[in-house]
Amino acid sequence: MNRFDYARPASVAEAVQAGAGEQVRYLAGGTNLIDLMKENVDRPMTVIDINRLPLDAIEELDGGGLRLGALVPNSNTAWDARVEQRYPLLSSAILAGASPQLRNAATNGGNLNQRTRCYYFYDVATPCNKREPGSGCGAIGGVNRIHAILGASDQCIATHPSDMCVALAVLDATVQVTGPDGDRAIPIADYHRLPGDEPWRDNTLKPGELVTGIDLPAEDFTQNYTYLKLRDRLSYAFALVSIAVVMRVEDGTIAEARVALGGVAHKPWRSTEAEKLLKGQQPSPQAFGAFADALLAGAVGQGENDFKILLARKGIIRALKQAAEATPQSQTDKRVA
Amino acid sequence: MATAAKIGIGSAINRVDGVEKVTGTARYAAEHPVENLLYGYIVEAAIAKGRIVSIDEEAARAVPGVIEVITHLNRPHVAWTDHSYQDELKIPGSPFRPLYDDRIQFSQQPIALVMAETFEAARYAASVVEVAYAAEAHNTDFEVAVGDKYVPKKKRSGYTAPKNRGDAAQAFADAPLKAAGDYRLAPEHHNPMEMFGSTVEWHGDGSITVWDKTQGSQGVHAYLASVFGFSKKKVRVLNPYVGGAFGSGLRPQHQVFLAVLAAKKLERSVRVTMIRNQMFSHAYRPQAIQSIALGAETTGKLTAIRNAATTSTSRYEDNMENVVTWGLMNYDCPNADAEYTVAQVDTATSADMRAPGAATGMTLFEMAIDEMAYEAKVDPLEFRLVNYSPIDAMNGTPYTSKALREAFREGAEAFGWSERSAEPRSMRDGKELVGWGCATGMWDAQFSKTSASAKLTANGHLEVACATSDIGTGSYTVMTLVAAETLGLPPEQITAKLGDSDLPTAPVEGGSWGAASTGAAVQLACQAVGKKLLKAAGEIAGAPLGDAKMDDVLFEDGCIVLKDTPTVRVPFGDAMHAADLTEIEEEETAAPGFGDMWKGLHKSKNTHSAIFAEVKVDEELGVVRVTRIVDAVAAGRIINPKTARSQILGGVVMGVGMALHEETFPDHRLGRWMNHNFGEYHVPVHADIHDIQVIFVDEPDPEVTPLGVKGLGEIGIVGTAAAIANAIFHATGKRVRSLPITIDKILD
Ligand SMILES: Cc1cc2nc3c(=O)[nH]c(=O)nc-3n(C[C@H](O)[C@H](O)[C@H](O)COP(=O)(O)OP(=O)(O)OC[C@H]3O[C@@H](n4cnc5c(N)ncnc54)[C@H](O)[C@@H]3O)c2cc1C
Ligand code: SF4
């Protein structure tokens, strides 16, 4: 870890002002940033500890939604009675991730902004375009069991590792940010980005911008939903593939279904185009299979992760079934529902 | 006279060091407070092979708090001969010499040590050391290396060459039923909880005290004396607590070398610790390929065993394991041959990891046995009984004991094996396919020459001491129980001391010989104290014990008691007082061959186990859950059923890891392990572990070791992964011949 300046502002305005400098990082729970600094992957010149900012509440929004403060711990979010009742998918997805200790420390803003788990990104002795632009991508042609099958570029095949964000993607959340140029709201679909030829950019946040909260619109996906996470051990591992589904079933047909995938791309992977295939359908393996094929259109393996395409296809079908039957995946009983 | 229930051998007591461990007062190697410490951080090579062209230390030295950057160019003088670097394991070859010269032999090799006032400063400075390399072609791909496999000329100590019998090639060709395949085990890293670390106290008078994470304080002591030219009296090595090691601490690891090197150069006390990533810079379980061909009659009787294995080693040492012998020993089969070879990759030398050789060779063999049983359409348990060998079938020698049949019976009963339906995919539970598999485990019952001392003071306190280690195995507790048994004292009055090179001689702790060997030495030392006590009692006026000999008395509740007249009791204190003794101290050595052991001289000595596993596999997704394991173990006498059970549980959990999770991924272009952290190197977590039942089968064996103890450190892992793999086949109908069985291998 290099030497850096440290500030602990008390207000958002001060934080944003301090955040305007060079090589600045906001420090929230630190479960990712501190690791990256210790490994010398991230070497900020200034660390702004935002833990004193008043962004630690979950508030009602006009119109029936909720605003999740950026500094609310992941655990508190998952176990919040309003979240549990109105957005059980989000609770489930958060609880599928990491460990209780990590979730206690991790914040909602930090979770959105966590970096990839690509092995090369974490090992400064290896090439990585995301860490060191132009050094090459170690994972292409290398150890890429955990890498992307969708939306990758020839510069980077990393995935976004969050579980929470996959749920946010189907809940049509909005990320509230503030920064040197004022406040703005970014739809979750536009928040994370594909690597393209700028793999060092994980998201569309501008330099110095701070996430203040995540807005969840009023929706009723309390029955037909699921978060299914497939991984290399039954807990405490990042998703090889995860599937978030919310659905509205009316008179035995699907009135609306939204599906997002985690662990397969540089951002939660969703296609509203493909989702149209499900609308008006009766739940069936055929309908789910056709949808899975559409969502996975263009999926390519990198060698070691070829299996993810099949795993994703099967996982999508199962998750849709779980949601349609209102038998969401339990995050404590590891038997797949 | 009423006496409290006697605590001794066989008592299920808590670990005597448990409170210190769970309250954090037990100090590990990198935790000993020493004044004025400097901290070291290891700079590792980024390439797998080549030479260091230059090291630019300027930026590192400019980091505030940095004192020195030590490299091969400015290090103090150290020994250079291979012989000087040889450790107790005596692996043939040229041992790794840290910071010796500009040669890079493996990725993550230590190439410099940054010393600073704080660990953080050292760590950061290490990241700005600029190294220029001249890289040479390397190969870390074992599958490629196997093309150049060979039989090492010089054998490693403890290596047993397989012995062929009959004509296996012909028998296999003629066999009506055959099963053959290549079985694989991925490289695994030990990853004990405690990371390697050493604290060196520099006394300023040419002597040093070293707290080291090691499985053998005396092994490290000898190594440091030899490498740095210390006189043996000037070095003391301590390892009172070790947070697991699994074999990674059998050889002195490079941090202890570097720590002493730095202390010598700077003439100061230093501490060098590895971080988790650096735990991937040295020892690992060799990667393995085993080609197994089995032939059988239609009855299931084996007629041919062909067993050839290759394991990975480095370019500079021939690390060998006993991989292929187990199957040949365990099964009654007239024709068997085996071949063992190694293949070199550009990594650090592979190393012993829990049940080295057996965890690989027996496990993979037991996967093949399951295939043969299915070919023969014989229940896999029945198949093992049909081919049961009461004697060591490879050497033709009897065992001192082998209660494997009983283990199978008791294990099967506890598991409910008779309810199994043979057909794959025939058992289910909702969306999950259910599979039941079994396997045999096997390990050596070893005994090593060990000394111990016992010191009784007039206040009735007994201290027993031995330089052995307690790597979490329960050695403190074993020593306490054996002493309690021998001298009839309650554990509260006994202190066990270990983990100190100044104590009576013990070998490095490993191979499951600790309990048997240390226990025997402690027993002898305590018996010697007993003899002195009896003699002292003779000084008591009126000689209440008459001319009783050792055979005429027993030691109970701190008294010498006449066997024939138990009302005649002489408290230890009275005897010592009469003889004017304030303490009695004795040291004894237990060497192989004493007691009844001579009877077992030409017999085979092994532990066995019968493992039964239940898995539930999601039919579509391939998600595996290991829902139940029964491990019935035949390992002679059990000193402490509680710590013994913990040993087996730990081994079984590691077996689950071997079956499903553990694998280190190399990038062959970089010649480097890539998932070198606990986030991405997967070991089982709570959610992966369900019901594990441990059964100890009765197996009295006075010939195997003086206490009848066979040892338990390794047997829990051997075969466990095979039982799980076989259960996965039974559940899914899919044979996966390479471990770990990750989701991608099941999915189709
Ligand atoms: C071993 C391990 C296992 C894990 N397993 C999982 C898993 O299975 N699933 C999963 O989803 N996650 C997992 N995680 C990741 C964990 O969820 C993230 O580390 C955590 O959510 C990050 O939150 P934090 O508050 O600690 O962020 P920090 O570490 O403080 O910050 C992370 C990044 O976000 C930036 N940042 C933080 N807050 C803001 C803000 N308000 N505005 C702008 N930028 C901000 C920081 O500058 C930094 O770049 C795991 C982590 C570890 C270490
Ligand atoms: S996949 Fe992306 S993060 Fe990983 S090595 Fe390539 S560029 Fe770096």
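- As recorded in an unreviewed UniProt entry, chain A goes by the name Xanthine dehydrogenase family protein subunit M, listed as coming from Sphingobium limneticum.

### Remarks on the overall build of chain B
Okay, step 1: When helices and strands are counted, chain B shows 18 helices and 31 strands.
Okay, step 2: At 27 Å, chain B has a C-alpha radius of gyration in line with the 27 Å of a compact globule built from 748 residues.
Okay, step 3: The principal-axis extent of the C-alpha atoms belonging to chain B is close to 85 × 70 × 50 Å.
Okay, step 4: The contacts in chain B between residues at least 6 apart in sequence include a share of 81% that link residues at least 24 apart.
Okay, step 5: Accessible surface computed for chain B: about 25900 Å², of which carbon and sulfur atoms make up 51%.
Okay, step 6: Side-chain charges of chain B comprise 71 positive and 94 negative groups, with the mean position of each set lying 3 Å from the other.

### Considerations on the domain arrangement of chain A
Okay, step 1: Assigned domains within chain A: domain 1 (5-51) and domain 2 (225-324).
Okay, step 2: Each of domain 1 of chain A and domain 2 of chain A has a C-alpha centre, and these two points are 36 Å apart.

### Points about the environment of Gln344(B)
Residues and elements named next belong to chain B.
Okay, step 1: Its location among the elements puts Gln-344 in strand S14 (residues 336-344).
Okay, step 2: Since its relative accessible area comes to 22%, Gln-344 is described here as partly exposed.
Okay, step 3: C-alpha separation for the pair Gln-344 and Thr-313, spaced 31 residues apart in sequence, amounts to 5.0 Å.
Okay, step 4: Beyond its immediate stretch of four places on either side in the chain, Gln-344 contacts Ala-145, Tyr-150, Thr-313, Ser-314, Arg-315 and Asp-318.
Okay, step 5: Only 2.9 Å separates the side chain of Gln-344 from the side chain of Tyr-150, close enough to count as a polar contact.

### A look at the pattern of salt bridges
Residues and elements named next belong to chain B.
Okay, step 1: Scanning the model with the defined rule gives 62 salt bridges over all chains in all.
Okay, step 2: Between Arg-306 and Asp-337 there is a salt bridge, with its nearest N and O atoms 2.9 Å apart. Pair noted here: Arg-306 is in strand S13 (residues 302-313) and Asp-337 is in strand S14, with a separation of 31 residues, a long-range link.

### Topic: the packing of aromatic side chains
All names here are of chain B.
Okay, step 1: One pass over the full model with this rule turns up 24 aromatic pairs over all chains.
Okay, step 2: On the numbers, 6.2 Å between centres and 45° between planes, the contact of Phe-415 with Trp-417 is tilted. Each member of the pair, Phe-415 as well as Trp-417, carries the same accessibility label: buried.
Okay, step 3: The lysine or arginine in question, Arg-75, covers the ring of Tyr-100, its NZ or CZ lying 4.8 Å from the ring centre.
Okay, step 4: Sitting over the face of the ring of Phe-196, Lys-213 holds its NZ or CZ atom 5.4 Å from the ring centroid.

### Observations concerning the interface of chain B and chain A
Okay, step 1: Each partner contributes to the interface: chain B provides 41 residues, whereas chain A provides 43 residues.
Okay, step 2: Taken together, both faces of the contact between chain B and chain A bury some 3700 Å²; the carbon and sulfur share is 59%.
Okay, step 3: Scanning the region where chain B abuts chain A turns up 7 salt bridges.
Okay, step 4: Between Arg318(A) and Glu620(B) there is a salt bridge, with its nearest N and O atoms 3.2 Å apart.
Okay, step 5: Where chain B packs against chain A, one counts 18 residue pairs in polar contact (both at pLDDT 80 or more).
Okay, step 6: Its residues assigned to classes, the side of chain B that touches chain A comprises 18 nonpolar, 8 polar and 15 charged.

### Observations regarding the confidence of the model for chain B
Okay, step 1: In the predicted model, chain B carries a mean pLDDT of 96, and the fraction of residues at 70 or more is 99%.
Okay, step 2: For this predicted complex, the interface confidence score (ipTM) comes to 0.97, while the overall pTM stands at 0.98.

### What about the sheet that holds strand S23 (residues 559-562) of chain B?
Residue and element names in this part refer to chain B.
Okay, step 1: Ordered by their spatial adjacency, 3 strands build an open sheet running S22-S23-S24, and the pairing between neighbours is antiparallel. Each having just a single partner strand, strand S22 (553-556) and strand S24 (569-571) make up the two edges of the open sheet. Averaged over all pairs of adjacent strands, the angle between strand axes in this sheet comes to 25°, irrespective of strand direction.
Okay, step 2: When S23 meets S24, the two strands line up antiparallel, connected through 3 bridges. Across the sheet, the residue bridging to Val-561 is Arg-569, located in S24.

### Here's the deal with the sheet that holds strand S27 (residues 624-634) of chain B
Residues and elements named next belong to chain B.
Okay, step 1: Taken together, 5 strands build an open sheet; the order of strands is S17-S18-S26-S27-S30 and the sheet is mixed. The open sheet has two free edges, formed respectively by strand S17 (427-429) and strand S30 (691-696), since each of these has just one partner strand. If you compare each strand with its neighbour and ignore which way they point, the axes differ by 25° on average.
Okay, step 2: Bridge count for strand S26 (residues 606-618) against S27 is 10 bridges, and the pairing is antiparallel.

### Topic: the domain arrangement of chain B
Residue and element names in this part refer to chain B.
Okay, step 1: As assigned here, chain B comprises domain 1 (3-25 + 448-591), domain 2 (32-137 + 190-280) and domain 3 (354-445 + 601-747).
Okay, step 2: A straight line from the C-alpha centre of domain 2 to that of domain 3 covers 37 Å.
Okay, step 3: Facing the 10 residues of domain 2 at the interface are 12 residues of domain 3.
Okay, step 4: Taken together, both faces of the contact between domain 2 and domain 3 bury some 1000 Å²; the carbon and sulfur share is 61%.
Okay, step 5: Looking only at domain 2, the three residues that lose the most surface to domain 3 are Asn-191, Phe-246 and Phe-280, adding up to 47% of its buried area.
Okay, step 6: Inspection of the region where domain 2 meets domain 3 yields 0 salt bridges.
Okay, step 7: Of the residues contributing to the side of domain 2 that touches domain 3, the split by class is 5 nonpolar, 4 polar and 1 charged.

### With respect to the packing of helix H13 (residues 475-487) of chain B against helix H14 (residues 514-537) of chain B
All names here are of chain B.
Okay, step 1: Remark: H13 packs on H14, axes separated minimally by 9 Å, with the N-to-C direction vectors making an angle of 35°. The crossing of H13 and H14 is right-handed. For the pair H13 and H14, contact is made by Val-478, Met-479, Val-482, Ala-483, Thr-486 and Leu-487 and by Ala-515, Thr-518, Gly-519, Val-522, Gln-523, Cys-526, Gln-527, Val-529 and Gly-530, respectively.
Okay, step 2: Looking at the contact of H13 with H14 residue by residue, the class counts come to 9 nonpolar, 6 polar and no charged.

### Notes on a negative patch on the surface
All names here are of chain B.
Okay, step 1: Taken together, Asp-547, Asp-551, Asp-552 and Asp-564 make up a surface patch of like negative charges.
Okay, step 2: One can find Asp-547 in the loop between H14 and S22.
Okay, step 3: A residue is classified by how much of its surface remains accessible, and Asp-547, at 65% relative accessible area, is exposed.

### Re the site of ligand 1
Residue and element names in this part refer to chain A.
Okay, step 1: Residues in contact with ligand 1 amount to 31 residues; listed here are only the nearest, Tyr-26, Gly-30, Thr-31, Thr-107 and Asp-163.
Okay, step 2: Here Val-211 contributes a backbone N or O atom positioned 2.8 Å from a nitrogen atom of ligand 1.
Okay, step 3: Calculation on ligand 1 without its partners gives an accessible area of 980 Å², and the protein chains cover 94% of this total.
Okay, step 4: Looking at the shell around ligand 1, the elements that each hand over two or more residues are helix H7 (108-113) and strand S8 (210-216).
Okay, step 5: In terms of residue count, the dominant contributor to the shell around ligand 1 is H7 (4 residues).
Okay, step 6: In this structure, the shell around ligand 1 is formed jointly by two domains, domain 1 (5-51) and domain 2 (225-324), each of which donates at least three residues.

Definitions and cut-offs
Residues numbered from 1 in each chain as written. Chains lettered and ligands numbered in written order. Predicted model: local features only at pLDDT ≥ 70, side-chain atom pairs only at ≥ 80, totals over all residues. Heavy atoms only, no water. Helix = DSSP H or I, 4+ residues; strand = E, 2+ residues; numbered from the N terminus. Rg over C-alpha atoms; globule rule 2.2 N^0.38 Å. Contact = heavy atoms within 4.5 Å. Areas by Shrake-Rupley, 256 points an atom, 1.4 Å probe, with all protein chains shown as cover. Lys, Arg positive; Asp, Glu negative; His and termini not counted. Charge placed at Lys NZ, Arg CZ, Asp CG, Glu CD. Domains from an automatic or database assignment. Buried < 20%, exposed > 50% of the residue type's maximum accessible area, 1.4 Å probe, protein only. Polar contact = N/O pair within 3.5 Å; in protein donor to acceptor, adjacent residues only side chain to side chain. Salt bridge = Lys/Arg side-chain N within 4 Å of Asp/Glu carboxyl O. Phe/Tyr/Trp six-rings, centres within 6.5 Å; stacked < 30°, edge-to-face > 60°. Lys NZ or Arg CZ within 6 Å of the ring centre and 35° of its normal. Buried area = accessible area lost by both parts, 1.4 Å probe. Nonpolar A, V, L, I, M, F, W, Y, C, P; charged D, E, K, R; others polar. pLDDT = per-residue confidence, 0-100. Pairing = 2+ DSSP bridges. Axes fitted to C-alpha atoms, helices over the stretch in contact; angles between N-to-C directions. Left-handed = near helix turned anticlockwise from the far one by under 90°. Patch = residues over 30% accessible without salt bridge, like charges linked within 9 Å, V, L, I, M, F, W, Y side chains within 5 Å. Near = heavy atom within 4 Å.

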